[in-house]
Amino acid sequence: MTPTHFAFSSAFMLGLAGLAFHRTHFLSALLCLEGLMLSLFIALSLWTLQFNTMNSASLPMILLAFSACEAGAGLALLVATTRTHSNSRLQSLNLLQC
Amino acid sequence: MSYLMCVLLLGLVLGLVAVASNPSPYFAAMGLVVVAGVGCGVLVGTGGCFLSLVLFLIYLGGMLVVFAYSAAMAAEPFPEGWGSWPTLRLVGGYLVGVAVARGLLGKNWYEEDWSGFDSILGLTVLRGDVGGVSLMYSSGGWLLMGGGWVLLLTLFVVLELTRGLGRGALRAV
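Residues numbered from 1 in each chain as written. Chains lettered and ligands numbered in written order. Predicted model: local features only at pLDDT ≥ 70, side-chain atom pairs only at ≥ 80, totals over all residues. Heavy atoms only, no water.

The name given to chain B in an unreviewed UniProt entry is NADH-ubiquinone oxidoreductase chain 6, with the source organism recorded as Gambusia affinis. According to UniProt, the comment filed for chain B under the heading Catalytic activity (unreviewed entry) is "a ubiquinone + NADH + 5 H(+)(in) = a ubiquinol + NAD(+) + 4 H(+)(out)". Under the heading Function (unreviewed entry), UniProt records this for chain B: "Core subunit of the mitochondrial membrane respiratory chain NADH dehydrogenase (Complex I) which catalyzes electron transfer from NADH through the respiratory chain, using ubiquinone as an electron acceptor. Essential for the catalytic activity and assembly of complex I." (UniProt positions renumbered as here; feature names shortened; annotations may be inferred.)

Taking an unreviewed UniProt entry as the reference, chain A is identified by name as NADH-ubiquinone oxidoreductase chain 4L belonging to Gambusia affinis. Reading the Function (unreviewed entry) entry of the UniProt record for chain A gives the comment "Core subunit of the mitochondrial membrane respiratory chain NADH dehydrogenase (Complex I) which catalyzes electron transfer from NADH through the respiratory chain, using ubiquinone as an electron acceptor. Part of the enzyme membrane arm which is embedded in the lipid bilayer and involved in proton translocation." Quoted verbatim from the Catalytic activity (unreviewed entry) field of the UniProt record, the comment on chain A reads "a ubiquinone + NADH + 5 H(+)(in) = a ubiquinol + NAD(+) + 4 H(+)(out)".

This is the structure:
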């Protein structure tokens, strides 16, 4: 595996691990999700640049637009959680506990 | 130049280790700023100047500023720092994981090339990635309009989520 490929692949896996093992704050999980999107942007851009296929250079731009949509929706959920539960800690989201 | 690319790629991985093992959202946002800056350096090193500029402007200057404001709202006033024992254990665990994966998947240092390759030698007006992104306006016009429609719908989604279902108008949190 080339070093560049390994770098953004491990960056993606680290962001995924940070999202899966989120501990206290909802916002930490959202920021790990943003890290995932960032690693995907770098991966798609490096794909077009290193393989010289400039036709797919619009792909990271579209990814960035949709990632902005997702970040906005995630932050709106954070605000809604803070309103109903008075904090955004993940321990307070316990309506479905057994 | 290859040493610079090596340092930048290392910074990418270490920055995301910091984001994934953050003790508080402030540090995760700072780690994302570092990762975005280093990622811009990686893209410039392989010849994508326009994509790097877009990353800086839109991602760092647009989205991460919003996340910084949200961190000011949502995180606690006295956050725990990097020196706490669970955080250090997580950092160590992620670093060991990356090192093990590199040992399993990578080859020796002399068998691989770390430097980026800029295929357009010299200064031109129309570089490769600028020409590629311009396809978004010509052949990908329908995708551009679809993306604009999706952004408008996201605005309505956000307003609906923060409305509070009839329990009040838009108010301070």
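**Q** Account for the side chain of A:Arg83, with residues named and values stated.
**A** With respect to the secondary-structure elements, A:Arg83 resides in helix α3 (residues 58-85). Despite its burial, A:Arg83 pairs with no opposite charge, the nearest such side chain being B:Glu160 at 11 Å. A polar contact of 2.6 Å, which involves the side chain of A:Arg83, links it to the backbone oxygen of B:Thr162. (Helix = DSSP H or I, 4+ residues; strand = E, 2+ residues; numbered from the N terminus. Buried < 20%, exposed > 50% of the residue type's maximum accessible area, 1.4 Å probe, protein only. Lys, Arg positive; Asp, Glu negative; His and termini not counted. Salt bridge = Lys/Arg side-chain N within 4 Å of Asp/Glu carboxyl O. Polar contact = N/O pair within 3.5 Å; in protein donor to acceptor, adjacent residues only side chain to side chain.)

**Q** Outline a nonpolar patch on the surface, supporting the account with residue identities and numerical values.
**A** Residues and elements named next belong to chain B. A cluster of nonpolar side chains, Trp149, Leu152, Leu153, Leu155, Phe156 and Leu159, forms an exposed patch at the surface whose accessible area comes to about 590 Å². When you line up the elements, Trp149 lands in helix α7 (residues 141-161). Residue classification places Trp149 among the exposed positions, given a relative accessible area of 53%. (Patch = residues over 30% accessible without salt bridge, like charges linked within 9 Å, V, L, I, M, F, W, Y side chains within 5 Å. Areas by Shrake-Rupley, 256 points an atom, 1.4 Å probe, with all protein chains shown as cover.)

**Q** So what's going on with α3(A)? Which residues, and what values?
**A** Spanning 28 residues, α3(A) covers 41 Å between terminal C-alpha atoms, matching the ideal 40 Å at 1.5 Å per step. A:Ser86 lies just past α3(A) and shows a positive phi near 65°. (Expected span 1.5 Å × (residues − 1).)

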